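# Coordinates in review
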2 protein chains.
Amino acid sequence: MSIHDVSRKAGVSPATVSRVFNFPDKVSGRTRERVEAVAREMGYQPHSVARTLRTQRSQVLGVVLPTLLNPVFAECLQGIALAATAGGYSIIPVTTDYRLDLEARAVSLLLARGVDGLILVVADPQASLALQRLAEAGVPYVLAYNRHARHPCVSVDGQAAVADVVRRLIELGHRRITMVSGPLAASDRALQRHRGYARAMAKAGLEPTLLEVPFLGSATDGLRDTLTGRARPTALLCANDLLAIRSIRAARLCGLDVPGDLSVTGFDGMALGEELTPALSTVMQPNAEIGRGSVELLAQALASGSTPGAAASIVLPTTFRTGESCAAAPRLVRGVARRARATVPRPPPRSRS
Amino acid sequence: MSIHDVSRKAGVSPATVSRVFNFPDKVSGRTRERVEAVAREMGYQPHSVARTLRTQRSQVLGVVLPTLLNPVFAECLQGIALAATAGGYSIIPVTTDYRLDLEARAVSLLLARGVDGLILVVADPQASLALQRLAEAGVPYVLAYNRHARHPCVSVDGQAAVADVVRRLIELGHRRITMVSGPLAASDRALQRHRGYARAMAKAGLEPTLLEVPFLGSATDGLRDTLTGRARPTALLCANDLLAIRSIRAARLCGLDVPGDLSVTGFDGMALGEELTPALSTVMQPNAEIGRGSVELLAQALASGSTPGAAASIVLPTTFRTGESCAAAPRLVRGVARRARATVPRPPPRSRS
DNA sequence: CTGTTAGCGCTTTCAA
DNA sequence: TTGAAAGCGCTAACAG
C-alpha cells in the first residue's frame, strides 16, 4: 500500500499526504486530520526506501567494529543503537575481526548501502586506507576509541589512564609491574596504553616489562613463565579486561592468590568485571557514552549538512574502578615475594561433574 | 555517479550495464569486459537503494533481540552477522530491553525499513502481538531461542538440558538443589528451564526450590538469605550464566567456597565462562550456530520466495561443559553441610588501590 | 545480444 | 493551501 492509495481514499493528492507526514504545518487542519485518519485506518507507513531514493538520505548509520565478542564493543554498540534510535536513525553494524581487508570491505559495503554516515573503530587510523578514502570521499564519519589529530574521534586518554594505574600500583608498594598486552601493532589503543605504562614506569625509575600475548589461543602460556619465574612481578597491568580475566586465571593456576600474591588491573570497564570474584580493578571507559557521543557528533554534522571535523573530537573521562583484584604489594625478601603461611593458595579444584 | 554515467562512457545502454552486474551471462564477452573496465575505472557501485525500490528486495534482515549487554545475544548476533554477510545480506539490529512495547515498535520500524525478513528473540511467542501481526502479514521471520509449535524456531531443548544438569548434580551427591532464575514470566526460556528443573527434581523425589531474582539490581540480596540459611542448598542451578556468575560472587561473599561448599551451574555457555576461576560448569548453547541457523532458514525461504514454516524449526544440541564450579556435594551432618577445616574460606579481600 | 520504455514509492519544485 | 509533474537510480518486460 502506497501513498497513492491513501491519497485516493482521502480525496487528496499524493503530495498532500506527503506533506502531512513531513510538513504537517503546511497542510490545513481539516485535511491533515482527514489524511491522518485515513492513514491510520489503512495502517499506512511511508516506505523509507522510496523516501531515501528521493531525498538521498537514508537515515541509516553504518557501524564498523572489530567484534561483538568483546563486551566492550557490544556495550558501545548498544550505546550507538540507543542514541541512533533516539535520533531517528537505524544502524547497520559490520564486524571486521581486526582484519584490515575486512575493514575496507565493510566500508564499501556500507557506502553501497547508502548510509548517511559511519561510525568506526579501526585498528589504526594512521594505517587505514578505508578511512583515508572515506575522508577523501567526503563521507561523514566519526572514529570511536581511536585517537588521531586529523580525524574526528570520540575516545578516552588511554595513555594518561594507564599512567595513573601505574602510579596507583606504585603507591601500593609495587615495583615489579609487568604490562600484559595483546599485539601492540594491532591497534592504536594498545600502543597508547603501552606508552602510558612505559612513560610512567620510566618516570618512577622502574624497569618496564612487556608481555605481549598473541590474539588468540592460550594467552596463558607466556604468563605461566612470567608468573613462575624467580623475580616474578607483584602486579600485572593488563591492557584490557579480557586479558585481566585470563591473567587472573593463569595466576590461580600457578598457585598464586589474587590479590594476595599478585595484583591484576584491567582496562575497559566491561560491566561483567564487577560481578567477578575478585571484582576487577580496572580503568572504566564509558563505553556506551562513547557510542552515544559518536552518534551525536555524526547526527549533528548530518543535520547541518556538514561533515564532522577533527576539531570536534571528544575525549571522555575515564575513572579507576577500585575492585578486589589489586592490593598492596606483598613484602619482599631478597627480591622474592614472601607469602604468609596462612594464605598459601590451593589451585582451584577440578570439577568432577 | 549512476548507471547512466557508466553506460554513456562505455557506449552502451543502462540496461546492459545492469545486466553486466546482475546477469553477466546475458552479455557478450566483449561488451561485458568493456563495461566492467569502465565501471572499475569509475569506481562505480550499483546503488542498492534504487535497486531495492525497483526489485522490492532489500537484502537486509532485521534482527530483534533483548539486549547486547548479555554476551549470549552478542554471540548470537555475531553469528547472524557472519552468516548474513556470507549470504549477501546486511542486518539492522534493534534491541528491546525485554520490553514488549519496544518489541512491537522494533518490528514496525524494521518493516518500514523494508527488510526482507526478520530474526527475532521475543520474550514469549505466545504473548507477542508483534509476532502475531508479522505472521498474519506474511512477512518471513524466524525465532531464535524461542520455542513454539506454530512458529519457525531455531532453539535448544532447555527443558531437557536442565533436567540433565539436575541428574548430574544428583549423581554428585547433591540433594538440596535450588534453582536460581530471573522472573519466570519474563521469557519462555525461563519457563522451560524451570520446567526441566521441576520435573527432574520430582522424578528424583527431591523437593524443588525456586529462587526468583529480579531482573535488575542486587540479585544477591535474595541469595544471601538462601545461602546463609540453616538448610542451605549444596548446589545452585542457575538459569543463565550471568546469574551463575553473580551467584558465585554472592556465595564467596557469604564465606562459601565454590565448589567446595556449594556447586553452581549456569546455562548459556558464554565464552567468558571458561576464563573465570572457577571456570563455569554450564550448559553450552551453540549461540553463534543459533544465529547462523536462523539466517539460513530465513535466506532459504527468501530464495524460494516462500516463508519459513513452523515445520522447518530446528532444535540444536546442547552440551554440558564441565568446568570447575561444580563438584561432589559436601558431606552432611544432621542436614547441615560440614566443611573441612582446611577449606574455611576467607571473604575476598577488599582492594586498597 | 542489446536498447527502449515504464515504473518501484516517494518528495519537491512550480503553478494554480 | 493544494495539485501536477518530474525524477531519485535502478531493473524487467518487450522489441528489435
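Computed from a prediction, not measured in an experiment: that's the story for all the values here. (Residues numbered from 1 in each chain as written. Chains lettered and ligands numbered in written order. Predicted model: local features only at pLDDT ≥ 70, side-chain atom pairs only at ≥ 80, totals over all residues.)

### Focus: the overall build of chain A
If you tally the helices and strands in chain A, you get 12 helices and 14 strands. Rg of the C-alpha trace for chain A: 26 Å, well past the compact-globule value of 20 Å for 353 residues, more than 25% over. If you line up chain A on its principal axes, its C-alpha atoms span 95 × 50 × 30 Å. Residues counted as buried form 51% of the 353 residues belonging to chain A. Nonlocal contacts in chain A, meaning residues at least 24 apart in sequence, comprise 70% of its contacts between residues at least 6 apart. (Helix = DSSP H or I, 4+ residues; strand = E, 2+ residues; numbered from the N terminus. Rg over C-alpha atoms; globule rule 2.2 N^0.38 Å. Buried ≥ 20, exposed ≤ 12 C-beta atoms within 10 Å, placed from the backbone. Contact = placed C-beta atoms within 7 Å.)

### Digging into the relation of the copies chain B and chain A
Under the fitted operation, chain B is carried onto chain A by 0.0 Å of movement along the axis and a turn of 180°, and the coordinates agree to an RMSD of 0.1 Å. Within this description, the copies of the chain are treated as partners about a two-fold rotation axis. Closest approach to the rotation axis within chain B is made by the C-alpha atom of Ile92(B), at a distance of 2.5 Å. (Least-squares fit on C-alpha atoms with pLDDT ≥ 70 in both.)

### Brief notes about the interface of chain B and chain A
How big an interface is tends to be stated in terms of accessible area lost as the parts join. Counting residues at the interface gives 54 residues for chain B and 54 residues for chain A. Among the elements of the structure, α4 (48–55), α5 (71–86), β2 (90–95), α6 (100–112) and α11 (241–253) of chain B are those that each provide at least two residues to the side of chain B that touches chain A. With six residues, α5(B) is the largest single contributor of residues to the side of chain B that touches chain A.

### Regarding the protein's contact with DNA strand C
Residues in contact with DNA strand C amount to 26 residues; listed here are only the nearest, Ser2(A), Ile3(A), Ala15(A), Ser18(A) and Ala50(A). Only α2 (14–22) and α4 (48–55) of chain A together with α2 (14–22) and α4 of chain B provide two or more residues apiece to the surface near DNA strand C. Among the elements that make up the surface near DNA strand C, the one with the highest residue count is α2(A) (six residues). Considered class by class, the residues forming the surface near DNA strand C number 12 nonpolar, nine polar and five charged. (Near = placed C-beta within 6 Å. Nonpolar A, V, L, I, M, F, W, Y, C, P; charged D, E, K, R; others polar.)

### So, the nonpolar core
Membership of the largest hydrophobic core comes to 178 residues, with the highest contact counts inside it found for Leu61(A), Leu61(B) and Leu237(B). With sequence-adjacent residues up to four places away left out, Leu237(B) is seen in contact with Val162(B), Val165(B), Val166(B), Leu169(B), Ile177(B), Met179(B), Tyr197(B) and Thr265(B). (Core = buried A, V, L, I, M, F, W, Y, C linked by C-beta atoms within 7 Å.)

### Observations regarding the protein's contact with DNA strand D
The environment of DNA strand D is formed by 25 residues, the closest being Ser2(B), Ile3(B), Ser18(B), His47(B) and Ala50(B). When contributions to the surface near DNA strand D are tallied by element, the ones reaching two or more residues are α2 and α4 of chain A together with α2 and α4 of chain B.

### Details of the packing of helix α1 (residues 3–10) of chain B against helix α3 (residues 29–42) of chain B
Residues and elements named next belong to chain B. Put simply, α1 and α3 touch, their axes get as near as 9 Å, and they point 125° apart. When the axis of α1 is compared with that of α3, the two are oblique. With respect to the hand of their crossing, α1 and α3 are arranged in right-handed fashion. From α1, Asp5, Val6, Lys9 and Ala10 reach across to α3, where they touch Arg34, Val35, Val38, Ala39 and Met42. (Axes fitted to C-alpha atoms, helices over the stretch in contact; angles between N-to-C directions. Parallel < 35°, antiparallel > 145°, perpendicular 65-115°, else oblique. Left-handed = near helix turned anticlockwise from the far one by under 90°.)

### Regarding the confidence of the model for chain A
Taken over all residues, the pLDDT of chain A has a mean of 91, while the share at 70 or more is 92%. This stretch, residues 333–353 of chain A, has a pLDDT under 50; its non-local contacts, to residues over four places away or in other chains, come to 46 contacts. (pLDDT = per-residue confidence, 0-100.)

### What to know about the packing of α2(A) against helix α3 (residues 29–42) of chain A
All names here are of chain A. Between α2 and α3, whose axes approach to 10 Å, the crossing angle comes to 90°. One finds that α2 runs roughly perpendicular with respect to α3. In contact with Thr16, Val17 and Val20 of α2, α3 contributes Thr31, Arg32, Val35 and Glu36. In terms of residue class, the contact of α2 with α3 is built from three nonpolar, two polar and two charged.

### Things to note about the environment of Arg249(B)
Residues and elements named next belong to chain B. Its location among the elements puts Arg249 in helix α11. The class for Arg249 is buried, based on 21 C-beta atoms found within 10 Å. C-alpha of Arg249 to C-alpha of Phe73: the two residues are 176 residues apart in sequence and 23 Å apart in space.

### Notes on the pairing of strand β2 (residues 90–95) of chain A
Residues and elements named next belong to chain A. Among the six residues that make up β2, six are buried, leaving the element largely enclosed by the rest of the structure. With burial as the criterion, each face of β2 is covered, one bearing Ser90, Ile92 and Val94 and the other bearing Ile91, Pro93 and Thr95. Here strand β1 (residues 60–65) pairs with β2 via six bridges, running parallel. Across the sheet, residue Val60 finds its bridge partner in β2, namely Ser90. Between the parallel pair β1 and β2, the chain is carried across by helix α5 (residues 71–86), and the sense of this crossover is right-handed. (Pairing = 2+ DSSP bridges. Right-handed = clockwise from strand over helix to strand, strands pointing away.)

### A closer look at helix α7 (residues 129–137) of chain B
Residues and elements named next belong to chain B. Looking at α7, one finds that the buried residues are Ala130, Leu131 and Leu134. Here the buried residues of α7 occupy an arc of 100° about the axis, which is enough to place them on one side. Exposed residues on α7 whose side chains face more than 90 degrees from its buried face are Leu129 and Glu136. Looking at the residues trailing α7, positive phi occurs at Gly138, about 75°. (Arc of directions from axis to C-beta.)

### Digging into the sheet that holds strand β4 (residues 141–144) of chain B
Residues and elements named next belong to chain B. One open sheet accounts for six strands, arranged β2-β1-β3-β4-β5-β11; its pairing is parallel. The outermost strands of the open sheet, each flanked by one partner alone, are β2 and β11 (314–316). Going from strand to strand, the sheet's axes swing by 20° on average, the running direction of each strand aside. Here strand β3 (residues 117–120) pairs with β4 via three bridges, running parallel. Bridge pairing in β4 links Ile119 to Val142. In the packing of helix α12 (residues 287–303) onto the sheet, the strands contacted are β1 (60–65), β3, β4, β5 (153–156) and β11, and the crossing angle to β4 comes to about 165°.

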